[in-house]
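Observations on the model geometry
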Amino acid sequence: MRWNAPETTNAYEAFIAGRFEALDQTLLPTRVEWRQWRTIESVWEGIKALRVRGAPAIGISASYGVCVGLQTLFEEGAHPSAESFYARLEECAQYLATSRPTAVNLFWALDRMTAKGRELRANGASVEDAAGALLTEARAIHDEDVALCRRMGRYGAQFVKDGGGYLTHCNAGGLATGEYGTALAVFYWAHEEEGKKFRVFADETRPLLQGARLTAWELLQNGVPTTLACDSVAATLMRQGKIDAVFVGADRIAANGDVANKIGTYSVALAARANGVPFYVVAPRSTFDLALDSGDQIPIEERAPEEVTSPYGRVVAPDGVDVYNPAFDVTPAELVSGIVTENGVVSPVTRETIARIVGENQMAE
Ligand code: MRU
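Re the sheet that holds strand β2 (residues 19–23)
- Pairing in this open sheet of three strands is antiparallel, and the strands run β1-β2-β3 from one edge to the other. The open sheet has two free edges, formed respectively by β1 (2–4) and β3 (34–37), since each of these has just one partner strand. The sheet shows a mean angle of 40° between the axes of neighbouring strands, direction not considered.
- Relative to β3, β2 is paired through four bridges, and the arrangement is antiparallel.

Following this line, the structure appears as structure tokens:
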């Protein structure tokens, strides 16, 4: 995704003239189309409908979405009052927070935008300066994510060896982040920076096929040898000795290390434990929710039954059948061998190691 604005040194000009654009991921892999989101409602819909998806990408899109929502106040040269500007900021953040419940990066990014707004208000900034500064904050959230994805890739690549086979579930790649990815960053770093030769097995990821449509697509684009398999093949691949480690992303990690990620991740973690395969989670610190004691408290999104009964418009189940369609599950901390963050690897996964590594403000070298 990007904030497409003319080259300018003036943040307010970039705010006014800029447009929020993102690849519509629902069209991949057959169509690669960038869309402009000109209203906050369309940004909300884009997140809800998974046009932009993946925890860090949802947070970044929401930050730009706040700017889109504020832009309407300045239409046709209008000059909003400070009161209406800051009221609108809070309103936009509250509205976007209702788009999806599980990925904590959404709330983290919106909190960061509103905190910035409160600071600007306290400092008596003009609405023009505040608008420019909020765009700069959204761009910082985006740029920081790109940098820390590369750091996670570097830390995680130590677990990838020449000739190895690695499994991933859902899409935790460049599409799901500012750029480069979390779990897939590990493969990109090992492939591009370290020249290692290995194979990635991508679970197709029912029901919305993020693994088939997105992960397989971006790994191939980046020249990483990839094999696509149905979700139900994962345990067999492990039993056959073809998987040396599993790498997945996360949508929210509780203080005790329980990990919410795409539905099916828990089954993969169980199969990994049963077959003695290390199971790594790769996630930035913005994915941790230390206010939650355990994964039981993580809100799990339930999505429409049609995603299961008629995926991509093709009816595959009888009319009227009851459907259970949770979008995420929780993998207990004891099944996780390590969590790769931008501050280093949390291992063993305990409250103490999490508090130490995730609590550090400075990124370790
Ligand atoms: O429903 P989605 O496609 O947004 O789910 C995404 C995932 O579960 C990813 O694994 C997670 O957000 C990590 S992305 C770096």
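Next comes the rest of the write-up.
Let's talk about the sheet that holds strand β5 (residues 199–203)
- Spatial strand order, β6-β5-β4-β7-β10-β13-β14: seven strands in an open sheet with mixed pairing. Each edge of the sheet is formed by a strand with only one pairing partner; in this case those strands are β6 (226–229) and β14 (344–346). Geometrically, the sheet is characterised by an average inter-axis angle of 25° between neighbouring strands, direction not taken into account.
- Looking at chain direction, strand β10 (residues 279–282) and strand β13 (residues 338–341) are connected through three bridges and run parallel. The residue of β13 that forms the bridge with Y280 is G338.
- Set on the sheet, helix α10 (residues 265–274) makes contact with β4 (165–168), β5, β7 (245–248) and β10; between it and β10 the angle comes to about 145°.

Quick look at the confidence of the model for the chain
- Averaged over all residues, the pLDDT of the chain equals 97, while 99% of them reach at least 70.
- Summarising per-element confidence for the chain, the mean pLDDT is lowest in helix α12 (residues 351–359) (94) and highest in β7 (99).

Remarks on the packing of helix α2 (residues 40–48) against helix α3 (residues 55–71)
- In contact at an axis separation of 9 Å, α2 and α3 are set at 165° when each is read in the N-to-C sense. One way to sum up the angle between α2 and α3 is to call them roughly antiparallel. Once α2 is placed against α3, the crossing between them reads as left-handed. Residue-level inspection shows I40, V43 and I47 of α2 in contact with α3, the latter providing I58, S61, A62, G65, V68 and G69.
- In terms of residue class, the contact of α2 with α3 is made up of six nonpolar, three polar and no charged.

Some points on the side chain of R53
- By the element assignment, R53 lies in the loop between α2 and α3.
- One buried charged side chain, R53, makes no salt bridge at all; its nearest oppositely charged neighbour is E218, positioned 6.4 Å away.
- At 3.0 Å, the side chain of R53 forms a polar contact with the side chain of Q25.
- Those residues in contact with R53 that sit more than four places away from it in its chain are Q25, I58, R100, C170, N171, L175, A176, Q210 and L214.

With respect to the packing of aromatic side chains
- As enumerated under the stated definition, the model contains 17 aromatic pairs in all.
- Here F20 and Y64 contribute two aromatic rings whose centre-to-centre distance is 5.5 Å and whose plane-to-plane angle is 35°, an arrangement assigned as tilted. Highlighted residues: F20 in strand β2 and Y64 in helix α3, separated in sequence by 44 residues.
- Classification of F20 as buried rests on a relative accessible area of 1%.
- Exposure remark for Y64: the relative accessible area of 3% places this residue in the buried category.
- Taking the centre distance of 5.4 Å and the plane angle of 20° together, the rings of F247 and Y280 count as stacked.

A short note on the site of the ligand
- Inspection of the region around the ligand gives 19 residues, with R53, A55, R100, N261 and K262 positioned closest.
- Contact distances for the ligand include 2.8 Å between an oxygen atom and a backbone N or O atom of A55.
- Between the ligand and D251 there is a distance of 2.9 Å, counted from an oxygen atom to a side-chain nitrogen or oxygen.
- The protein chains hide 100% of the 420 Å² of surface that the ligand would expose on its own.

What counts, and where the lines are drawn
Residues numbered from 1 in each chain as written. Predicted model: local features only at pLDDT ≥ 70, side-chain atom pairs only at ≥ 80, totals over all residues. Heavy atoms only, no water. Pairing = 2+ DSSP bridges. Helix = DSSP H or I, 4+ residues; strand = E, 2+ residues; numbered from the N terminus. Axes fitted to C-alpha atoms, helices over the stretch in contact; angles between N-to-C directions. Contact = heavy atoms within 4.5 Å. pLDDT = per-residue confidence, 0-100. Parallel < 35°, antiparallel > 145°, perpendicular 65-115°, else oblique. Left-handed = near helix turned anticlockwise from the far one by under 90°. Nonpolar A, V, L, I, M, F, W, Y, C, P; charged D, E, K, R; others polar. Buried < 20%, exposed > 50% of the residue type's maximum accessible area, 1.4 Å probe, protein only. Lys, Arg positive; Asp, Glu negative; His and termini not counted. Salt bridge = Lys/Arg side-chain N within 4 Å of Asp/Glu carboxyl O. Polar contact = N/O pair within 3.5 Å; in protein donor to acceptor, adjacent residues only side chain to side chain. Phe/Tyr/Trp six-rings, centres within 6.5 Å; stacked < 30°, edge-to-face > 60°. Near = heavy atom within 4 Å. Areas by Shrake-Rupley, 256 points an atom, 1.4 Å probe, with all protein chains shown as cover.

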